[in-house]
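Chain by chain, the residues:
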Amino acid sequence: MSGALAASGAAPPRRRAGGFAVGAALVLVTLGFGVLAPLVVAGDPFTQSLTKALGGPDAAAPFGYDHLGRSLFHRLAHALRLSPAIAAAAVATAGAAGLLLGGLAAARGGWVDRALTLVADALLALPGLLLVLIVLAIMPGTALGFWAGLSLVLWVEFFRLTRATSRAVLASPAVEASRLLGFGPLYVLRRHLWPEIAPVMLTAAAFGAATAIMAIAALGFVSVGMRAPTPELGLMMVELLPYWREAPFALLTPVIATFTLLLGLILMAGDRAR
Amino acid sequence: MTLLQADDVAVFDASGRALVHPVSLRLDAGAPLVVLGETGSGKSLLAQALMGTLPPELWARGRVRIAEAEHDAAQPQGFRRLWGRAVAVLPQEPWLSLDPLMRARAQVAEAHALVRGLAPVAARRAAAADLAALGLGDEAGRRYPHELSGGMAQRVAFAAARAGGARIVVADEPTKGLDAARRDEVARLLTRALETGGGLLAITHDLALAQLLGGRLIVMREGAVVESGPLAEIFAAPQADYTQKLLDADPARWPRRARRAAGPSVVEGRRLTVSRGGRALVEGLDLTLRAGEIVGVSGPSGCGKSSLGDALLGLHAPACGAVRRIEGVARTAFQKLYQDPVSAFPRRRALGATLADVARRFGRRRAEVEALLARLDLAPALLARRPEQVSGGELQRLALLRVMLAEPRFLFADEPTSRLDPITQRGVIDLIATLAEEGCSVLLVSHDAALLDRTADWRMALGGHGTAEAAGRAAPAVALGAAG
Amino acid sequence: MPLLSRALQALAVALLVGVSTFAMMRALPGDAAWRIAAGRYGYDNVDAAAAASVRAELGLDGPALPALLQWLGDLFRLDFGVSLVSGQPVAAELAHQLGASLQLALAAVALSLLIGPPLGVAAGLRPGGALDRALLVAATAFRATPQFLLALVLIVLVSVELGWLPAAGHGAARHVILPSLALALGLAATSARIARDATTEIAATAFWRFAEFKGLSRGQVLWRHGLRNVAVPLLTLLGLQFVTLVEGVVVVETIFGWPGIGHALVHAIFARDVPVVQGAALMLGLGFVAVNAAIDIALRRIDPRGAA
């Protein structure tokens, strides 16, 4: 009877669950293509044959050829392994760091908390793409640079979520009651903290992966990310853009793949601001 | 004069199941009508059907006559223009019902301006007059809701609800979570509505409020009327068994708990000073809590009742003084019951799993847990559910069961029944009393003076600092009063 | 108190920018001094002496710590030095480009606020209705579309295929439409969702219900009690969106050839023009802090509870 006069309008949890399933399916399909495609049709993403430039599909290249006569099918498959792999590595690193530091900040409080929060706030104020660009300029190797830069950008969100959730849980009567009953920190972690943090982390991981893939593609598109001839989603688009009139499908291939992958991840992340 | 008449009003859910069976009632000018019932009795749904405010997934049937016009309960949109103009609806929790971003007087004035059509200046003047009549000056009118005390917010909401000129006042659970003093204040406020020939429909589970209001009474249970008639007559000689049970659940009617010889000291506080946020709430308190004894603690909210209990449990470090607990007893023998049991269990874990953890921790066998379930009148099926899926009374008893697995020697019960219905409340308090009889020392916090009077061996009133605290040095906050 | 924490944040941002650009400077490839000298004096005029003087000037040799302190000292004295490429003072270059970026950013924010919140509020008033569902689909699609992809689609459709608007250029009003739209749609997708959620939440509050019970019409309740309350989370979001906006500006300016700070930044990174990168990063970071400090103050005026 709480709020009897103001009832109704509860959040519909089913829509979220449905969105997650659809999103996971989309992500699986795109990643599955990246992994399985080269096994189904043998081929190579780098071999050029200029006579076939912008040519239509054939048995060796089911999606046709790009402006240098390379198989789009194999380039796309390569691209769909590359950015997700970097994104996954960055999310894993950032997630671990964020969980650890967020938990530390919540449990210890005091100056540890204040210092970590200050670092996170400073990173929050700077555009992620800019930080990634700076790290790319420092690190040798583009893939390594992306991993390091994206990890640096992404851990902040995991940190903030872990810290906020942990603080709320640790201050709750439920934890107090468990402590009064003589349960130790391990029990509090397993039965109180982790069940609250895990779903939040899953959401943040999907969102973080989307952010990472967007960043890699965006920097590829403006020619400061992955270098040619590496097949990368954004780079493929900018390479094929001048041939839009002659070969619209060639440009649409990476566009559709990128959108499907990102849509899947956003659906998995669900309704979240930013 | 009849202000409101309802004929055969019934409420159904989407599947067509009746939640409220047909009820007819009449509200006369100058005479309150009280609908009394517990959670789930359908009393609020009935009120919502009469005002056209049912949630969209429910629907109603029947005829309602308000202000000389007939309305069909099945067509809730027709009621809307009555709000503020014919019917004033008082909110359950006024401090949540005022716009947090608007000053108090503006929230009253807007009803004068937009509903009655007064010019802005006249509306402001009318609002100021309304508030002044309720003892709220200009300064209070300029405050934002978060700067108002609970009682002030209640009065602002009362003025705002009635500013549109409505003669009928509908109040749904107006005393939810209030202590006795505040409850009396609300009762006085509500009776004001009657002075000028208005009508009052009060929906409540609060027996004391019902008694203060008087008038006519309807008792509801499981969507049906159990009994109706003049309130004084029903309170004096109820006809239905259920009404009798409900009345008996009023702490004022409880038999006084038999005093027993107290055992040895379990927890002691010596020159204890407890503070929160740098403010001393309890200063220089000496107290001894003995085995088998229930000590009642009362006092206004924020006076340090909870902090004192937490200090005795060792959850909150006292600013000064010492807490001594009986030696040779495990720390887990010092336990706590929470006001909101839902927040005291892991949110996403089945209750049975949590209890199994505790049983294992204390080496209790499954059969012992089952025996306790039976003793606390809890269905084993509840164990498969999560905390928010069981009723407040059941969950509080499960919390008690969890505490009992730890074989407590001291229990701090922090308003354990303030969110429960009267009959359920009595059951939980009885169980706590049994625990005391078995030798546990209990510190029971409640805002219900009658409850403490009937239950506690002795009582302690913690006083608020009032205005003295602003001056710096506070007077001793504790008035030790042996009662009983 | 909140302003103090903003000041601390600004300090931390400056430190972060300083340290990271110093690392960037140190990581310049071996012939950096040659390249920089070449950028300044032209390839024909570079000799070992010129390269050595550049090396000494930038502290490319020698121990790291004193060089870092020197570097940070310059930063905190707001001495950003000169561009390694053009030899012009960084501050003057950035000031010149800032105007164009502000123009684009403000147009984008205005556009997003015209599109997002009104749709969100309308959808939030009828949760589960046709508009709400359509908005959910559209907002999800736009949030899954990176700004560069949106820019690409706009260029291909509106500019190349339909020939309505120019894809590149700067000066006339029509040049700003496509780039600002590419930025605005993504921002609007988020602000629409926030406005929608805030509206449903507020429409379910006890104070909304009570305002209706006082006799106010739905429109009056929305106007007097709804919008002000919705504005609180929206303003907070606006502050956070500053970062998204800046990222978008960097990408979109490059794509549309807009002569702003983002464009300059990408070029500077490409050319390893560290002083320009440092100046731009610092300006963007401090811009975020300043915008959010202003929003903090605005929020305290709207919401006296001192939330946010």
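What you are looking at is a predicted structure, and each value in this text was computed from that prediction instead of being measured.

As for the overall build of chain B
Right, on to step 1. Summing up its helical and strand segments, chain B has 16 helices and 19 strands in all.
Right, on to step 2. In terms of C-alpha radius of gyration, chain B reaches 25 Å, essentially the compact-globule figure of 23 Å for 484 residues.
Right, on to step 3. The principal-axis extent of the C-alpha atoms belonging to chain B is close to 75 × 55 × 45 Å.
Right, on to step 4. Counting across all 484 residues of chain B, residues that qualify as buried make up 54%.
Right, on to step 5. Residue pairs in contact within chain B that sit at least 24 positions apart in sequence constitute 71% of those at least 6 positions apart.
Right, on to step 6. Across chain B, the 61 positively charged side chains and the 53 negatively charged ones have centroids separated by 4 Å.

Notes on the overall build of chain C
Right, on to step 1. Summing up its helical and strand segments, chain C has 12 helices and 0 strands in all.
Right, on to step 2. Going from N to C terminus, chain C has its helices and strands arranged as α-α-α-α-α-α-α-α-α-α-α-α.
Right, on to step 3. Projecting the C-alpha coordinates of chain C onto the three principal axes gives extents of approximately 85 × 55 × 30 Å.
Right, on to step 4. For chain C, the residues scored as buried account for 51% of the 308 residues in total.
Right, on to step 5. In chain C, of all internal contacts separated by at least 6 residues, the share reaching a separation of at least 24 is 73%.
Right, on to step 6. Carbon and sulfur atoms make up 68% of the accessible area of chain C, which amounts to about 13100 Å² in all.
Right, on to step 7. Of the side-chain charges in chain C, 21 are positive and 18 negative, and the distance between the mean point of each set is 16 Å.

As for the interface of chain C and chain A
Right, on to step 1. Listed per partner, the contact involves 52 residues of chain C and 44 residues of chain A.
Right, on to step 2. For the pairing of chain C and chain A, the buried interface totals around 4300 Å² over both sides, and the portion due to carbon and sulfur atoms is 77%.
Right, on to step 3. Summed over the three residues of chain C that lose the most area to chain A, namely Arg 143, Phe 148 and Leu 152 of chain C, the buried surface amounts to 15% of that side.
Right, on to step 4. If you look at where chain C meets chain A, you find 0 salt bridges.
Right, on to step 5. One can count 3 residue pairs in polar contact (both at pLDDT 80 or more) joining chain C with chain A.

Notes on the packing of helix α3 (residues 104–114) of chain B against helix α10 (residues 218–256) of chain C
Right, on to step 1. Running from amino to carboxyl end, α3 of chain B crosses α10 of chain C at an angle of 155°, the nearest separation of the two axes being 13 Å. Judged by the inter-axis angle, α3 of chain B sits roughly antiparallel to α10 of chain C. As α3 of chain B packs across α10 of chain C, the resulting crossing turns out to be right-handed. Residues Ala 106, Glu 110 and Leu 114 of chain B of α3 of chain B touch α10 of chain C, and the partners they reach there are Gln 220, Arg 224 and His 225 of chain C.

Digging into the sheet that holds strand β1 (residues 2–12) of chain B
Residues and elements named next belong to chain B.
Right, on to step 1. Pairing in this open sheet of 4 strands is antiparallel, and the strands run β2-β1-β4-β5 from one edge to the other. Each having just a single partner strand, β2 (18–28) and β5 (69–72) make up the two edges of the open sheet. Direction aside, neighbouring strands of the sheet carry axes that sit 5° apart on average.
Right, on to step 2. Pairing analysis gives 7 bridges linking β1 to strand β4 (residues 59–66), with the strands arranged antiparallel.

Comments concerning the domain arrangement of chain C
Residues and elements named next belong to chain C.
Right, on to step 1. Under the domain assignment, chain C is made up of domain 1 (2–90) and domain 2 (91–307).
Right, on to step 2. A separation of 33 Å is found between the C-alpha centroids of domain 1 and domain 2.
Right, on to step 3. In this complex, domain 1 contributes 25 residues to the contact, which on the side of domain 2 involves 25 residues.
Right, on to step 4. Taken over both partners, the interface formed by domain 1 and domain 2 buries close to 2200 Å², and the fraction arising from carbon and sulfur atoms is 72%.
Right, on to step 5. Where domain 1 meets domain 2, there are 1 salt bridge.
Right, on to step 6. In this structure, Asp 296 engages Arg 6 in a salt bridge whose closest nitrogen and oxygen atoms are separated by 2.8 Å.
Right, on to step 7. Summed over the shared surface of domain 1 and domain 2, the number is 8 residue pairs in polar contact (both at pLDDT 80 or more).
Right, on to step 8. When contributions to the side of domain 1 that touches domain 2 are tallied by element, the ones reaching two or more residues are α1 (2–26) and α4 (64–76).

Re the UniProt feature "transmembrane region" (unreviewed entry) in chain C
Right, on to step 1. UniProt tags residues 104–123, 135–160, 172–190, 230–256 and 276–295 of chain C as "transmembrane region" (unreviewed entry).
Right, on to step 2. Regarding residues 276–295 of chain C, the helix share stands at 100% and the strand share at 0%, and the terminal C-alpha atoms are separated by 28 Å.

Quick notes on the domain arrangement of chain B
Residue and element names in this part refer to chain B.
Right, on to step 1. Entries for chain B in the domain assignment read domain 1 (2–252) and domain 2 (265–480).
Right, on to step 2. Listed as interface residues are 13 residues of domain 1 and, on the opposing side, 12 residues of domain 2.
Right, on to step 3. Here domain 1 packs against domain 2, burying approximately 1100 Å² in sum over the two surfaces, 58% of which is carbon and sulfur.
Right, on to step 4. When the area that domain 1 buries against domain 2 is broken down by residue, the three leading residues are Glu 38, Ala 249 and Pro 251, summing to 41%.
Right, on to step 5. Linking domain 1 with domain 2 are 0 salt bridges.
Right, on to step 6. Counting across the domain 1 and domain 2 interface gives 4 residue pairs in polar contact (both at pLDDT 80 or more).
Right, on to step 7. Counting residues per element, the side of domain 1 that touches domain 2 draws most heavily on helix α10 (residues 241–248), at 4 residues.
Right, on to step 8. When the residues that make up the side of domain 1 that touches domain 2 are grouped by side-chain class, the tally is 7 nonpolar, 2 polar and 4 charged.

Let's talk about the packing of α3 of chain B against helix α6 (residues 150–162) of chain B
Residues and elements named next belong to chain B.
Right, on to step 1. Two elements in contact, α3 and α6, have axes whose closest approach is 7 Å; the angle formed by their N-to-C orientations is 15°. One way to sum up the angle between α3 and α6 is to call them roughly parallel. Judged by the sense of rotation from one axis to the other, the crossing of α3 with α6 is right-handed. Between α3 and α6, the residues in contact are Ala 104, Gln 107, Val 108 and Ala 111 and Val 156, Ala 159 and Ala 160, respectively.
Right, on to step 2. Residue composition of the contact of α3 with α6, grouped by class: 6 nonpolar, 1 polar and no charged.

Notes on the nonpolar core
Right, on to step 1. If you look at the biggest cluster of nonpolar residues, it comprises 137 residues, and the most contacted ones within it are Phe 146, Leu 150, Leu 219 and Met 237 of chain A together with Phe 148, Ile 255 and Phe 256 of chain C.
Right, on to step 2. Here this core gets 18 residues from one element, more than from any other, and that element is helix α7 (residues 185–221) of chain A.
Right, on to step 3. Residues from two domains meet in this core; each of domain 1 (2–90) and domain 2 (91–307) of chain C gives at least three.
Right, on to step 4. Counting residues in hydrophobic clusters, the runner-up holds 102 residues, among them Ala 160, Leu 189 and Val 219 of chain B together with Val 121 of chain C.

Comments concerning the pattern of salt bridges
Right, on to step 1. Per the stated rule, a full pass over the model turns up 43 salt bridges over all chains.
Right, on to step 2. In this structure, Arg 349 of chain B and Asp 357 of chain B form a salt bridge, with 2.9 Å as the shortest nitrogen-oxygen distance.
Right, on to step 3. In this structure Arg 349 of chain B comes out as buried when scored by relative accessible area, which is 16%.
Right, on to step 4. Taking relative accessible area as the criterion, Asp 357 of chain B reaches 6% and is therefore assigned buried.
Right, on to step 5. Among the charged side chains, a salt-bridge network with shared partners connects Asp 66, Arg 70, Arg 75 and Glu 239 of chain A.

Considering the confidence of the model for chain B
Right, on to step 1. Model confidence for chain B is summarised by a mean pLDDT of 87, while 96% of its residues fall at 70 or above.
Right, on to step 2. Within the model, pLDDT remains below 50 along residues 465–484 of chain B, and this stretch shows 29 contacts once partners closer than five positions in the same chain are excluded.

A short note on helix α7 (residues 180–195) of chain B
Residue and element names in this part refer to chain B.
Right, on to step 1. With 16 residues, α7 should cover 22 Å at 1.5 Å per step; its first-to-last C-alpha distance of 23 Å lies within 8% of that length.
Right, on to step 2. Here α7 has its buried residues at Arg 183, Val 186, Ala 187, Leu 189, Leu 190, Ala 193 and Leu 194. One face of α7 carries all of its buried residues, which in axial projection span an arc of 160°. Those residues of α7 that are exposed and angled more than 90 degrees off the buried face are Ala 181, Arg 188 and Glu 195.

A look at helix α6 (residues 173–180) of chain A
Right, on to step 1. Listing the buried residues of α6 of chain A in full gives Ala 174, Val 175, Ala 177, Ser 178 and Leu 180 of chain A.
Right, on to step 2. Those residues of α6 of chain A hidden inside the fold are in contact with α5 (142–170) and α7 of chain A together with α11 (305–313), β15 (334–337) and α14 (392–405) of chain B.
Right, on to step 3. Where α6 of chain A ends, the next residue or the one after it, Gly 182 of chain A, has phi of about 90°, a positive value.

Comments concerning the sheet that holds strand β11 (residues 265–276) of chain B
Residue and element names in this part refer to chain B.
Right, on to step 1. Strands sit in the order β12-β11-β14 across an open sheet of 3 strands; the sheet is antiparallel. Single-partner strands in this sheet number two, and they are β12 (279–290) and β14 (320–325). Sheet twist, expressed as the average angle between the axes of neighbouring strands with direction ignored, equals 15°.
Right, on to step 2. The pairing of β11 with β14 spans 5 bridges and is classified as antiparallel. By the bridge assignment for β14, Arg 270 is matched with Ala 322.
Right, on to step 3. Running over the sheet, α11 touches β11, β12 and β14 and is turned about 130° from β11.

What to know about the UniProt feature "domain: ABC transporter" (unreviewed entry) in chain B
Right, on to step 1. The UniProt record annotates "domain: ABC transporter" (unreviewed entry) at residues 4–247 and 267–482 of chain B.
Right, on to step 2. Measuring from the first to the last C-alpha atom of residues 4–247 of chain B gives 28 Å, for a span that is 37% helix and 27% strand.

The rules we used
Per chain, residues are indexed from 1 in the order of the written sequence. Key to labels: chains lettered from A, ligands numbered from 1, both in the order written. Local features in this predicted model are restricted to residues of pLDDT 70 or higher, and side-chain atom pairs are both shown and tallied only at a pLDDT of 80 or more, whereas totals for entire chains, interfaces and linings draw on every residue. To get the side-chain values, take all heavy atoms of the structure and skip hydrogens and water. The helix count covers DSSP runs of H or I at least four residues long, the strand count covers runs of E at least two residues long, and both are numbered beginning at the N terminus. Only C-alpha atoms enter the radius of gyration, while the globule expectation follows 2.2 Å times N to the 0.38, with N the number of residues. Accessible area is worked out with a 1.4 Å probe on protein chains only. A residue is then buried under 20% of its type maximum, exposed over 50%, and partly exposed in between. Contacts are assigned to residue pairs that have any heavy atoms within 4.5 Å of one another. Neither His nor the chain ends is counted toward charge; the positive residues are Lys and Arg and the negative residues Asp and Glu. For charged residues, the charge sits on one atom: NZ in Lys, CZ in Arg, CG in Asp, CD in Glu. The protein chains shown are the only cover counted for residues, whose accessible areas, like all others here, come from Shrake-Rupley with a 1.4 Å probe. Two parts placed together each lose some accessible area under a 1.4 Å probe, and the buried area is that loss summed for both. For salt bridges, the criterion is a side-chain nitrogen of Lys or Arg within 4 Å of an Asp or Glu carboxyl oxygen. Distance and chemistry together define a polar contact, namely a pair of N or O atoms within 3.5 Å, with one atom able to donate a hydrogen and the other to accept it when in protein, and with adjacent residues in sequence counting only for side-chain atoms on both sides. Convention adopted: a line fitted to C-alpha atoms gives each axis, helices being fitted over their contacting stretch, and angles between N-to-C directions are expressed from 0 to 180 degrees. Any angle that falls under 35 degrees is termed roughly parallel, while one over 145 is termed roughly antiparallel, one within 65 to 115 roughly perpendicular, and all others oblique. The sense of a crossing depends on the near helix, which, turned anticlockwise from the far helix by less than a right angle, makes the crossing left-handed and, turned clockwise, makes it right-handed. Pairs of strands are assigned from DSSP output, requiring at least two bridges between the strands. Domain boundaries shown here were taken from an automatic or database domain assignment. UniProt positions are given in the numbering used here, feature names are shortened, and annotations may be inferred rather than shown by experiment. In the scheme used here, Gly and all other residues not listed as nonpolar or charged are polar, with Ala, Val, Leu, Ile, Met, Phe, Trp, Tyr, Cys and Pro taken as nonpolar and Asp, Glu, Lys and Arg as charged. Residue types Ala, Val, Leu, Ile, Met, Phe, Trp, Tyr and Cys, when buried and joined through side-chain atoms within 4.5 Å, form a set referred to as a nonpolar core. For every residue, the predictor reports its confidence as pLDDT, a number between 0 and 100. Helix span, expected: 1.5 Å multiplied by one less than the number of residues in the helix. Arc, as used here, means the arc of the directions from the helix axis to the C-beta atoms.

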